[in-house]
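Spelled out from the first residue to the last, the chains are:
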Amino acid sequence: MTTVTRTELRALITSVQGAVRAVEDRGSRETIAALRDALLPMYTRRGEGPHRQAFMDALGEAEVSLRAAAASGTWDLLTDVEQKVSRFWHEPDGATLDHPALMAVTTLTVRFETDDRSIFGAANERAHYAGLDAMRALSSAINGAANGQQLDKAVTEFLAAVRRAIPYMALYDTRQVLVEAARAYGLFPVGMRQPTSPESLWDWSRQIGGAEYVFELVGPGIEGHAFGAVATARFENGLGGGVRYFPLSSIEEWRRIARTVVDRV
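Chains are numbered independently. Their residues run from 1 in the order of the written sequence. Per-residue local features are limited, in this predicted model, to residues with pLDDT of at least 70; the limit for side-chain atom pairs, both in listing and counting, is 80 or more; totals at the level of whole chains, interfaces and linings are taken over all residues. Side-chain measures were taken over the full set of non-hydrogen atoms in the model, leaving aside hydrogen atoms and water.

Our next topic: the packing of aromatic side chains. Aromatic pairs are defined between Phe, Tyr and Trp rings, using the six-membered ring for Trp, whenever the two ring centres lie within 6.5 Å; interplanar angles under 30 degrees are classed as stacked, those over 60 as edge-to-face, and all others as tilted. This structure, assessed with the given rule, holds two aromatic pairs. Judged by centre distance (5.3 Å) and plane angle (90°), the rings of Phe120 and Tyr172 are edge-to-face. Of the two residues, Phe120 is situated in helix 6 (residues 119-142) and Tyr172 in helix 8 (residues 168-184); the sequence distance between them amounts to 52 residues. Tyr172 gets classed as partly exposed once you look at its relative accessible area, which sits at 23%. Relative to Phe215, the ring of Trp204 lies with its centre 5.3 Å away and its plane at 10°, an arrangement referred to as stacked. Here Phe215 lies in strand 3 (residues 211-218) and Trp204 lies in strand 2 (residues 204-208), a separation of 11 residues in the sequence. Think of it in three bands: with a 1.4 Å probe and only protein chains considered, a residue is buried below 20% of the maximum accessible area for its type, exposed above 50%, and partly exposed in between. Overall, the relative accessible area of 8% leaves Trp204 in the buried class. Each helix is a run of DSSP H or I of at least 4 residues and each strand a run of E of at least 2, with the numbering of both proceeding from the N terminus.

So, on to empty space enclosed by the protein. Method remark: on a 1 Å grid restricted to protein atoms, a set of points is classed as a cavity if a 1.4 Å probe fits but cannot get out and as a pocket if it is open with protein on both sides within 12 Å along at least five of seven lines; lining residues have an atom within 4 Å of a point. Grid points are joined across faces, edges and corners, and a volume is the space filled by probe spheres set on the points. On inspection of all chains with the given rule, the structure shows one cavity of 30 Å³ or more. Here the largest cavity is characterised by a volume of approximately 110 Å³. Around the largest cavity, the lining is made up of 15 residues, and of these Arg126, Arg164, Tyr168, Asp263 and Arg264 lie nearest the centre. Listed by contribution, the elements that provide at least two residues to the lining of the largest cavity are helix 1 (3-25), helix 6, helix 7 (148-165), helix 8 and helix 9 (251-264). In the lining of the largest cavity, the residues fall into eight nonpolar, no polar and seven charged. Classification used: nonpolar for Ala, Val, Leu, Ile, Met, Phe, Trp, Tyr, Cys and Pro, charged for Asp, Glu, Lys and Arg, polar for all others including Gly.

Pairing between strands is defined by DSSP: at least two bridges between them are needed. As defined by bridge partners, strand 1 (residues 194-195) adjoins strand 2 across two bridges and the pair is classed as antiparallel. Bridge assignment links Gln194 to a residue of strand 2, and that residue is Ser205. Alignment of strand 2 against strand 3, held across five bridges, turns out to be antiparallel. Its bridge partner being in strand 3, Trp204 is matched across the sheet by Phe215.

Once that is clear, we can look at the layout of surface pockets. Estimated volume of the largest pocket: approximately 260 Å³. What lines the largest pocket is a set of 16 residues, among which Asn124, Ala165, Ile166, Tyr168 and Met169 lie closest to the centre. Among the elements of the structure, helix 3 (52-71), helix 6 and helix 8 are those that each provide at least two residues to the lining of the largest pocket. In the lining of the largest pocket, the residues fall into 10 nonpolar, four polar and two charged.

Here, a salt bridge means any side-chain nitrogen of Lys or Arg that lies within 4 Å of a carboxyl oxygen of Asp or Glu. Scanning the entire structure with this criterion turns up 10 salt bridges. The salt bridge involving Lys153 is made with Glu157; its shortest N-O contact spans 2.9 Å. With Lys153 and Glu157 both in helix 7 and four residues apart, the pair spans about one turn of that helix. What makes Glu157 partly exposed here is its relative accessible area of 39%. Its salt-bridge partner being Glu236, residue Arg234 comes within 2.5 Å of it at the nearest N-O pair. Look at Arg234 and you get partly exposed, because its relative accessible area is 37%. The exposure class assigned to Glu236 is partly exposed, which follows from its relative accessible area of 27%. Three or more residues joined by partner-sharing salt bridges are found here, namely Arg36, Glu63 and Arg67.

On to the packing of helix 5 (residues 100-111) against helix 6. Two elements in contact, helix 5 and helix 6, have axes whose closest approach is 9 Å; the angle formed by their N-to-C orientations is 165°. In terms of orientation, helix 5 and helix 6 fall into the roughly antiparallel class. Considering only the axes of helix 5 and helix 6, their crossing is left-handed. Of helix 6, the residues touching helix 5 (which contributes Ala101, Leu102, Val105, Thr106 and Thr109) are His128, Gly131, Leu132, Ala134, Met135, Leu138, Ser139 and Ile142. Within the contact of helix 5 with helix 6, the residues separate by chemical class into eight nonpolar, five polar and no charged. Interaxial angle, 0 to 180 degrees, is taken between N-to-C directions of lines fitted to C-alpha atoms, where a helix line uses only the stretch in contact. In this scheme, roughly parallel covers angles under 35 degrees and roughly antiparallel covers those over 145, while 65 to 115 is roughly perpendicular and the rest are oblique. Note: crossing handedness is left-handed where the near helix turns anticlockwise from the far helix by less than a right angle, and right-handed where it turns clockwise. We call two residues in contact whenever any of their non-hydrogen atoms come within 4.5 Å of each other.

Before going further, it helps to spend a moment on the environment of Thr114. Counting through the fold element by element, Thr114 comes out in the loop between helix 5 and helix 6. Note on Thr114: relative accessible area 29%, which makes it partly exposed. Distance in space between the C-alpha atoms of Thr114 and His128 is 8.2 Å, their sequence separation being 14 residues. In this view, Thr114 contacts Gly121, Asn124 and Glu125; residues no more than four positions away in its chain are not counted.

Okay, structure coming up:
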């Protein structure tokens with residue numbers, strides 16, 4: 001394998017990582033299409049050796065989940081909420097609990113009701129609970145018991161959770177493609193953040209080299225860390241090492257990481 005080939009693959013991995021972050025920032029049919037486009041050149045670089053098949057399998061799984069995310073009818077329900085809530089903002093007087101805005105929010109909220117306890121079910125659950133908050137805020141606004149700021153915050157957080165939930169599985173599969181691509185080309189894998197299972201005590205994980213590193217955001221004051229810390233442990237071949245703590249320097253840093261855990265992981 002030539003240095004040029006590896007250099008090309010590094011550039012491709014960086015490009016796909018950027019497209020993944022764009023979907024994380026604002027999921028939409030457009031950002032998902034851009035992510036699929038970023039992955040396309042990888043199909044002509046199939047790798048070699050024992051990791052080749054794992055790479056191709058991961059590519060196939062990512063393509064299926066990306067296609068499903070882009071085709072999801074939930075995007076249309078999201079647009080319906082945006083339009084009808086906007087109409088409520090402009091014509092709030094005389095609104096009742098059968099207002100189209102509340103009906104649209106309710107329909108989208110019910111879409112995410114789930115008993116799925118897997119990694120992917122967690123994103124749906126977050127969207128569902130955010131939808132319940134939006135329903136309460138909108139009902140209160142209709143009854144004159146909530147201000148515009150409360151409603152705007154609730155609806156904004158709901159729609160953001162929906163934009164994260166729709167492509168959640170596709171993002172998971174795409175991040176795994178990048179790890180398998182590096183392995184197939186003999187590069188050192190440095191995976192992006194991935195969610196852990198709901199039963200896990202850890203908040204997120206990353207594949208680095210041949211090991212899995214798991215992370216937990218520790219709250220301020222716990223384990224003697226005034227501003228909190230990030231705890232991490234390393235697992236390889238089923239064996240784990242000790243937990244290490246990396247103290248944070250401020251409450252603002254802790255809040256930023258906490259927001260990232262919710263928004264991206």
